[in-house]
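Overview (structure and organization)
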Amino acid sequence: MKNARPLWNEYFMKIAELVASRSTCLRRKVGAIIVRENQILSTGYNGAPKGVPHCEDVGCLRTKMNVPAGERHELCRGIHAEQNAIIQAAVNGVSVKGGTIYCTHQPCSICAKMIVNAEIKNVYIADSYPDKLAESMFVDASVNLILVDLSAKDHLKKIL
């Protein structure tokens, strides 16, 4: 009996989950990968910029300042996974235009702006995140937001 090969969406989401395991964030481990034509272009996870101490080493600035989740993103030493994936593609001279991003969590409004300007048209997520501004920007820019539920038989659900 043959082993069932995972569908592309399942395959890429599982890779995004593995990428998230590299995160140094104490609050939420997030991974992202950008693909085009079933080829991985770039990966990213959330954590401190190169050369900056990691939260797991020095503590979480947001926790120390009692900043609630989903607010005041600028009060964090970390870079989001989606941002890192886009930046790494740029550093390596790889265009992500027309690509698809797989994220373990729904992008925030800051990441949504970057995704829109990077001309990524499909965003697959494993977990939602309550950010109405991000959702509104995706709608306005005709970016598809699709939930990947790996536990369901039909594991794709278009959100926007």
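Above this text sits the structure in question.
Below, the structure is looked at part by part. Bear in mind that the values here come from a model prediction, so they are computed numbers and not experimental data. Note on numbering: residues in each chain are counted from 1, in written sequence order. With pLDDT at 70 or above as the cut-off, local features in this predicted model cover only qualifying residues; side-chain atom pairs require 80 or more to be listed or tallied, and sums for whole chains, interfaces and linings still use all residues. For the side-chain quantities, the full set of heavy atoms in the structure was used; hydrogens and water were omitted.

1. Some remarks on the overall build of the chain
In terms of helices and strands, the chain carries six helices and six strands. Only DSSP runs of H or I covering at least 4 residues are called helices, and only runs of E covering at least 2 are called strands; the numbering of each starts at the N terminus. In the chain, the succession of helices and strands from N to C terminus is α-β-β-α-α-α-β-α-β-α-β-β. A radius of gyration in this sense is built from C-alpha atoms; the matching globule rule multiplies 2.2 Å by the number of residues raised to 0.38. Relative to its length of 160 residues, the chain is compact, with a C-alpha radius of gyration of 16 Å against a globular reference of 15 Å. With respect to the principal axes defined by its C-alpha atoms, the chain has extents near 50 × 40 × 35 Å.

2. Focus on the packing of helix α5 (residues 109-117) against helix α6 (residues 132-140)
Lines are fitted to the C-alpha atoms to define the axes, a helix being fitted only along its stretch in contact, and any angle between axes, read from their N-to-C directions, falls within 0 to 180 degrees. The geometry of α5 relative to α6 is characterised by a closest axis approach of 8 Å and an angle of 15° between their N-to-C directions. Judged by the inter-axis angle, α5 sits roughly parallel to α6. Regarding α5 and α6, the two cross each other, and that crossing is right-handed. Counting all contacts with α5, which are made through Ser109, Ala112, Lys113, Ile115 and Val116, the residues of α6 involved are Leu133, Ala134, Met137 and Phe138. Working definition: roughly parallel below 35 degrees, roughly antiparallel above 145 degrees, roughly perpendicular at 65 to 115 degrees, and oblique for all remaining angles. Whether a crossing is left-handed or right-handed is set by the direction in which the near helix is turned from the far one by less than a right angle, anticlockwise for left-handed and clockwise for right-handed. Residues count as neighbours in contact if any of their non-hydrogen atoms are within 4.5 Å of one another.

3. A closer look at the nonpolar core
Judged by nonpolar contacts, the single largest core of 21 residues is most densely connected at Ile34, Ile101, Ile115, Ile120, Val123 and Phe138. Of all elements in the fold, only β1 (31-36), α4 (81-91), β3 (100-103), α5, β4 (122-125) and α6 reach the threshold of two or more residues within this core. Once residues lying within four places of it in the same chain are set aside, the contact partners of isoleucine 101 are Ala32, Ile33, Ile34, Glu82, Ile115, Ile120, Asn122, Val123 and Tyr124. Throughout this description, the term nonpolar core refers to a set of buried Ala, Val, Leu, Ile, Met, Phe, Trp, Tyr and Cys residues connected via side-chain atoms within 4.5 Å. Burial here depends on accessible area, computed with a 1.4 Å probe over protein chains only, as a share of the maximum for the residue type. Under 20% is buried, over 50% is exposed, and the range in between is partly exposed. Residues Val19, Ile33, Tyr124 and Ala126 belong to the second largest nonpolar core, which totals eleven residues.

4. Some details on helix α1 (residues 8-20)
Residues lying three or four places apart along an α-helix face the same way, a consequence of the helix completing one turn every 3.6 residues. Expected helix span is taken as 1.5 Å per residue step, with the number of steps being one fewer than the number of residues. For α1, spanning 13 residues, the distance from its first C-alpha to its last is 18 Å, which sits close to the expected 18 Å at 1.5 Å a residue. When α1 is considered as a whole, its buried residues turn out to be Asn9, Phe12, Met13, Ala16, Val19 and Ala20. One face of α1 carries all of its buried residues, which in axial projection span an arc of 110°. Arc definition: it is the arc formed by the directions from the helix axis to the C-beta atoms.

5. Some details on the environment of glutamate 56
Examined against the element boundaries, glutamate 56 turns out to sit in helix α2 (residues 55-58). A sequence separation of 33 residues divides glutamate 56 from serine 23, and the C-alpha atoms of the two residues are 9.4 Å apart. Not counting residues within four places of it along the chain, the set of residues in contact with glutamate 56 comprises Ser23, Thr24 and Leu26.

6. Here's the deal with the packing of α4 against α5
Look at α4 against α5: their axes get within 9 Å of each other, and the N-to-C directions meet at 30°. If you check the angle between α4 and α5, you find them roughly parallel. Note that α4 runs across α5; the crossing there is left-handed. Between α4, through Glu82, Gln83 and Ile86, and α5, the contact on the second element is made entirely by Ile110, Cys111, Met114 and Ile115. Here the nonpolar group is Ala, Val, Leu, Ile, Met, Phe, Trp, Tyr, Cys and Pro; Asp, Glu, Lys and Arg are the charged ones; every other residue, Gly included, is treated as polar. Each residue belonging to the contact of α4 with α5 can be placed in one class, and the counts come to five nonpolar, one polar and one charged.

7. Notes on the state of the cysteines
In this description, the term disulfide denotes a pair of cysteine sulfurs within 2.5 Å. Inspection of the entire model under this criterion finds zero disulfides. Looking at cysteine 25, it has no disulfide partner, and the nearest cysteine sulfur is the one in cysteine 55, 5.9 Å off. Overall, cysteine 25 belongs to the buried group, its relative accessible area being 17%.

8. Here we look at the packing of aromatic side chains
Between the rings of Phe, Tyr and Trp (Trp by its six-membered ring), a pair exists once the centres lie within 6.5 Å; its type follows the angle of the planes, with under 30 degrees stacked, over 60 edge-to-face, and the other angles tilted. On inspection of all chains with the given rule, the structure shows five aromatic pairs. Ring centres of tryptophan 8 and tyrosine 11 lie 5.7 Å apart, and the angle between their planes is 80°; this geometry places the pair in the edge-to-face category. Of the two residues, tryptophan 8 and tyrosine 11 both sit in helix α1, three residues apart, roughly one turn of that helix. Taking the relative accessible area as the measure of exposure, tryptophan 8 reaches 43% and is therefore partly exposed. For tyrosine 11, a relative accessible area of 37% puts it in the partly exposed group. Residues tyrosine 102 and tyrosine 124 carry aromatic rings whose centres are separated by 4.8 Å and whose planes lie at 10° to one another, so their mutual orientation is stacked. Taken together, the residues tyrosine 102 in strand β3 and tyrosine 124 in strand β4 connect sequence positions 22 residues apart.

Bear in mind that shape data such as this cannot, by itself, settle questions of function.
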